[in-house]
Amino acid sequence: MNRRDFLRLAMGGVALSAAPVLLRAGAAWAAEVVTPLVKSDAEWKHTLTPEQYDVLRQEGTEPPFTSPLLNEHRDGVFACVACDLALFPSAYKFESGTGWPSFYDAIPGHLQTKSDYKIIMKRTEYHCARCGGHHGHVFDDGPKPTGLRYCNNGVALKFIPKQA
């Protein structure tokens, strides 16, 4: 077995292991390959509001308890405001009390992570897999079934309600 076949087999196992969690949450999301969206800095500045640009392109943080998405509880999906990629089904949202929209899991393949040392201690930062926009950090103090808390800047998200 060559490395490519091994990786395909391994990724298939990862996708299958995630299926029960996804189905319990009420959304059957399949892992997909996301095609990167590339824009110049000038294009991003033209497309985004100053607050969105600060968070998504400069890795800023919005003030806590300022996002209207904190109180969004309808059925639907939270997507990247910069490129419309769906990131979190509303079923994954929970009230963390932190002041930012929080989710216990993400749609497979729609986020990328990297280590962040901006406050000295190591944190895991995540970005949209399509546009590379910074969304927030993931912590290991969330609820079951994952134990994770994706702490997202609300200004980096848009809510798309489920169509009836």
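Draft legend 1. View of helix H3 (residues 50–58). If you check which residues of H3 are buried, you get Gln 52, Tyr 53, Val 55 and Leu 56. In this fold, the buried residues of H3 make contact with helix H2 (41–47) and strand S7 (134–139). At the C-terminal side of H3, Glu 59 shows a positive phi close to 60 degrees.

Draft legend 2. Representation of the sheet that holds strand S1 (residues 76–80) within the structure. Taking strand neighbours across the sheet as the criterion, the three strands line up as S2-S1-S9 in an open arrangement whose pairing is antiparallel. Two strands lie at the open edges of the sheet, namely strand S2 (86–89) and strand S9 (157–161), each paired on one side alone. Within the sheet, the average angular offset between the axes of one strand and its neighbour, ignoring direction, is 30 degrees. Sheet topology places S1 next to S2; three bridges connect them, and they run antiparallel. Bridge assignment links Phe 78 to a residue of S2, and that residue is Phe 88.

Draft legend 3. Region of interest: the pairing of S1. The buried fraction of S1 amounts to five of the five residues, a majority that puts the element mostly inside the structure. Where S1 lies against S9, five bridges are found, and the strand directions are antiparallel. Within the sheet, the bridge partner assigned to Ala 79 lies in S9 and is Lys 158. In textbook terms, the turn of a hairpin is the stretch between consecutive antiparallel strands, and for S1 and S2 this stretch comprises five residues, one of which, Asp 84, has a positive phi near 70 degrees.

What counts, and where the lines are drawn
Residues numbered from 1 in each chain as written. Predicted model: local features only at pLDDT ≥ 70, side-chain atom pairs only at ≥ 80, totals over all residues. Heavy atoms only, no water. Buried < 20%, exposed > 50% of the residue type's maximum accessible area, 1.4 Å probe, protein only. Helix = DSSP H or I, 4+ residues; strand = E, 2+ residues; numbered from the N terminus. Contact = heavy atoms within 4.5 Å. Pairing = 2+ DSSP bridges. Axes fitted to C-alpha atoms, helices over the stretch in contact; angles between N-to-C directions.

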